[in-house]
Amino acid sequence: MATLYDTRIEINGVDYGICGIDVGNSRVKIHHKDVFLSFPYDKEWKKNVQHHFRDHVSSRYLIGLSSVNPKQTTAIVKVIQRIPGHQVLNAHSLLMRNEQLLNFGTVENVGIDRLLGTIGAMGDSAPPLITVDCGTAVTVNAVSKDRVFLGGVIFAGLGTQLFGLSKQTAAIPEMKYAPPTTHLGVNTQQCLMAGVTASVIGGIVHTVKALQESVFQGKSVPVVLTGGESAAILDGLTSEGLKVVQHQHLVTDGIMTLIANAPRPDLQDSIIGKLPN
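Here we summarise the structure given alongside this text. Since the structure is predicted, the reported quantities are computational estimates derived from the model, not experimental observations.

The rules behind the values
- Residues numbered from 1 in each chain as written.
- Predicted model: local features only at pLDDT ≥ 70, side-chain atom pairs only at ≥ 80, totals over all residues.
- Heavy atoms only, no water.
- Helix = DSSP H or I, 4+ residues; strand = E, 2+ residues; numbered from the N terminus.
- Axes fitted to C-alpha atoms, helices over the stretch in contact; angles between N-to-C directions.
- Parallel < 35°, antiparallel > 145°, perpendicular 65-115°, else oblique.
- Contact = heavy atoms within 4.5 Å.
- Nonpolar A, V, L, I, M, F, W, Y, C, P; charged D, E, K, R; others polar.
- Buried < 20%, exposed > 50% of the residue type's maximum accessible area, 1.4 Å probe, protein only.
- Lys, Arg positive; Asp, Glu negative; His and termini not counted.
- Salt bridge = Lys/Arg side-chain N within 4 Å of Asp/Glu carboxyl O.
- Phe/Tyr/Trp six-rings, centres within 6.5 Å; stacked < 30°, edge-to-face > 60°.

Notes on unusual backbone geometry
Turning to step 1, where the next piece is worked out: Geometrically, the link from Pro 127 to Pro 128 is a cis peptide bond, its omega value of 10 degrees lying close to zero.
Turning to step 2, where the next piece is worked out: The topology assignment puts Pro 128 in the loop between helix H4 (112–121) and strand S7 (129–134).
Turning to step 3, where the next piece is worked out: Positioned with a positive phi, Asn 12 is a non-glycine residue whose angle comes to about 50 degrees.
Turning to step 4, where the next piece is worked out: Within the element layout of this structure, Asn 12 appears in the loop between strand S1 (8–11) and strand S2 (14–23).
Turning to step 5, where the next piece is worked out: Despite not being glycine, Lys 33 has its phi angle at roughly 50 degrees, a positive value.
Turning to step 6, where the next piece is worked out: Relative to the elements of secondary structure, Lys 33 occurs in the loop between strand S3 (27–32) and strand S4 (35–40).

Comments concerning the packing of H4 against helix H8 (residues 250–261)
Turning to step 1, where the next piece is worked out: In contact at an axis separation of 7 Å, H4 and H8 are set at 75 degrees when each is read in the N-to-C sense. For the element pair H4 / H8, the angle class is roughly perpendicular. On H8, the residues touching Asp 113, Leu 116, Gly 117, Ile 119, Gly 120 and Ala 121 of H4 are Leu 250, Val 251, Asp 253, Gly 254, Ile 255, Thr 257 and Leu 258.
Turning to step 2, where the next piece is worked out: A per-class count over the contact of H4 with H8 returns seven nonpolar, four polar and two charged.

Section: the side chain of Asp 133
Turning to step 1, where the next piece is worked out: Tracing the sequence through the fold places Asp 133 in strand S7.
Turning to step 2, where the next piece is worked out: Despite its burial, Asp 133 remains without a salt bridge, the nearest opposite charge being carried by Lys 29 at 5.9 Å.
Turning to step 3, where the next piece is worked out: Excluding anything up to four places from it in sequence, Asp 133 contacts Val 138, Thr 139, Thr 226, Gly 227 and Val 251.

Section: the packing of aromatic side chains
Describing an aromatic ring pair means giving the distance of the ring centres and the angle of the ring planes.
Turning to step 1, where the next piece is worked out: On inspection of all chains with the given rule, the structure shows one aromatic pair.
Turning to step 2, where the next piece is worked out: Relative to Trp 45, the ring of Tyr 41 lies with its centre 5.2 Å away and its plane at 75 degrees, an arrangement referred to as edge-to-face.
Turning to step 3, where the next piece is worked out: Relative accessible area serves as the criterion here: at 4%, Trp 45 is assigned to the buried category.

Here it is in structure tokens:
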């Protein structure tokens, strides 16, 4: 049976597969078929993207590009446009033209990653639902039964909390996150890991329960978890009684869903033209 990842689209006599690229705050994520790559913004990231599409991809792709990081957006478009055969699409443009997948309701200035994540979640779980994206920031987002984006909350993720504490506190060094081994730390590192973990898990649990009670009239709606830091807190959320489904690729699935459902004129109008070198 064909799936979203098998979708093929013909434009002007050329057959394309579909691909999603999520340009995030700390890394770029590439997803097509059963391939999912994630590159941090180090000195090699552009070479890694170019190497993948030039040397490991034989199909032509319509590549939907979503970005919350303007600094890196132009760079990645230029990298892909140097490789013949692919078309880069503006995912934001497609999103604005496709209210049947998601209506924005009365919300303002919502990050496109939050909107696309809810579209990706609705591919597996019928609305109403709640998405939780754990990355640089943690976002909790609510969607109504009628596919209206209702809003949500944003707070700092695990790594962001650690970084902020190291910059604002003289006695706390910069540390990378590691899952806590105890609820009660006996040194600075243990205290930090236990503390930021409790902060994120507690914030998510509190927010989800509040939304289920106040927005969804006490109904326990599906909760879909995603993001680079989601694996670190999944067990903690479950132990707090939260029923969650983990989905690794919500944003890129949302991009590909947009492409798969867009009329041909919308796809063509969303193609990003050649950028100057």
